[in-house]
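Listed below, chain by chain, are the residues.
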Amino acid sequence: MGNILKAVVAFVPSNKCQKYLLDELEEMPVDKMVDLSGSQLRRLPLHICSFRELVKLYLSDNNLNHLPPELEQLQNLQILALDFNNFKALPLVVCSLKQLCILYLGNNKLCSLPVELRLLRNLKTLWIESNCLQYLPEVVCELSLLKTLHAGSNALRTLPTQLQRLQELRTIWLSGNLLSEFPSVLLEMPFLEVIDVDRNSIRFFPSLVHLPGLKLVIYDHNPCRNAPKVAKGVRRVGRWSEETPEPRKRSGAVIEITLDEKPSPPPATKPEPE
């Protein structure tokens, strides 16, 4: 089906037209996965909610701004991709999917997350990059099994101290935000393995030597005058990362180093389906 025809049919709300967009997907696939990414959908066809054994549902790159309450029937769902849509608020029905392990919410218009998100006790990976978040919702700090948090390309200026509760967290991506200081809460999280603060406004980096789990720190494209000190074997990506963590000194004075002009953020890329 041509993309132009799909775009036209997508405006017609009848069940017949919506099924046409799905290429007559009538029965649950054997692999328990439905991928409707890029299907020009404006609403989720209700018969998808009857696939009660469904494990993976990809709805990326559509025109969705709400979800039907019938989605609650998918209690076996483990992966839900809602990225690249038009959600201004996370539909509460998503918070009823207790088996969710991975939730993609990137590239929407979210300014907050509902407190009901705490009900997703099994969530291990959360993508909320490229939204309108000015602060990290504290409810994220209640996701006790969270291992990976992608919160880049928002408008975050700080992180809540409650984040240190997430003792399973191993990777945090904060690139492209408005951080003017290295988040102090990260210094209290010795279990972190990857910290990405690329493309922020951080001018000084504290020592990270005391973080025994750290494997990689990305701090490039910050107006900093020093690199974070790290333990032996930890990889750094940023200025002075290959040689010394400090600018060169001569006669007790720090040589002025002109930083390159901060580049424009790269276009958001759609994550690969798991």
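Description of the structure in this document. Since this is a predicted model, take the numbers as computed values, not measurements.

### Side note on the state of the cysteines
At step 1: All told, the structure shown has 0 disulfides when counted by the stated rule.
At step 2: Here Cys111 is not cross-linked by a disulfide; its sulfur's nearest cysteine counterpart is in Cys132, at 4.6 Å.

### Description of the sheet that holds strand 5 (residues 125-127)
At step 1: Spatially, the 10 strands line up as an open sheet ordered 1-2-3-4-5-6-7-8-9-10, and their pairing is parallel. Whereas interior strands pair on both sides, the edge strands pair on one side only; in this sheet they are strand 1 (33-35) and strand 10 (235-237). Put simply, the sheet's adjacent strands are angled 5 degrees from each other on average, direction ignored.
At step 2: Alignment of strand 7 (residues 171-173) against strand 8 (residues 194-196), held across 3 bridges, turns out to be parallel. The partner of Thr171 across the bridge, within strand 8, is Val194.

### Observations regarding the packing of aromatic side chains
At step 1: Here the structure, examined in full by the defined rule, presents 3 aromatic pairs.
At step 2: Here the aromatic rings of Tyr104 and Trp127 are separated by 5.4 Å at their centres, their planes lie at 55 degrees, and the arrangement is tilted. You can see Tyr104 sitting in strand 4 (residues 102-104) and its partner Trp127 sitting in strand 5, a full 23 residues away along the chain. Accessibility classification places Tyr104 together with Trp127 in one group, the buried group.
At step 3: For the pair Phe205 and Tyr219, a centre-to-centre distance of 5.4 Å together with 65 degrees between the ring planes defines the contact as edge-to-face. Of this pair, Phe205 sits in the loop between strand 8 and strand 9 (216-218) while Tyr219 sits in the loop between strand 9 and strand 10, placing them 14 residues apart in sequence.
At step 4: Judged by relative accessible area, Tyr219 falls into the buried class, the value being 0%.
At step 5: Aromatic rings pair up to connect Phe182, Phe205 and Tyr219 into one cluster.

### Things to note about the nonpolar core
At step 1: Among the nonpolar cores identified, the biggest contains 70 residues, and Leu126 and Leu186 are the most heavily contacted of them.
At step 2: Beyond its immediate sequence surroundings of up to four residues, Leu186 is in contact with Leu159, Leu163, Ile172, Leu174, Leu192, Ile195 and Leu211.
At step 3: By size, the runner-up hydrophobic cluster in this structure holds 6 residues, among which are Tyr58, Ile79, Ala81 and Trp127.

About the cut-offs
- Residues numbered from 1 in each chain as written.
- Predicted model: local features only at pLDDT ≥ 70, side-chain atom pairs only at ≥ 80, totals over all residues.
- Heavy atoms only, no water.
- Disulfide = S-S within 2.5 Å.
- Pairing = 2+ DSSP bridges.
- Helix = DSSP H or I, 4+ residues; strand = E, 2+ residues; numbered from the N terminus.
- Axes fitted to C-alpha atoms, helices over the stretch in contact; angles between N-to-C directions.
- Phe/Tyr/Trp six-rings, centres within 6.5 Å; stacked < 30°, edge-to-face > 60°.
- Buried < 20%, exposed > 50% of the residue type's maximum accessible area, 1.4 Å probe, protein only.
- Core = buried A, V, L, I, M, F, W, Y, C linked by side-chain atoms within 4.5 Å.
- Contact = heavy atoms within 4.5 Å.

Limitation: the analysis is restricted to geometry and does not speak to function.
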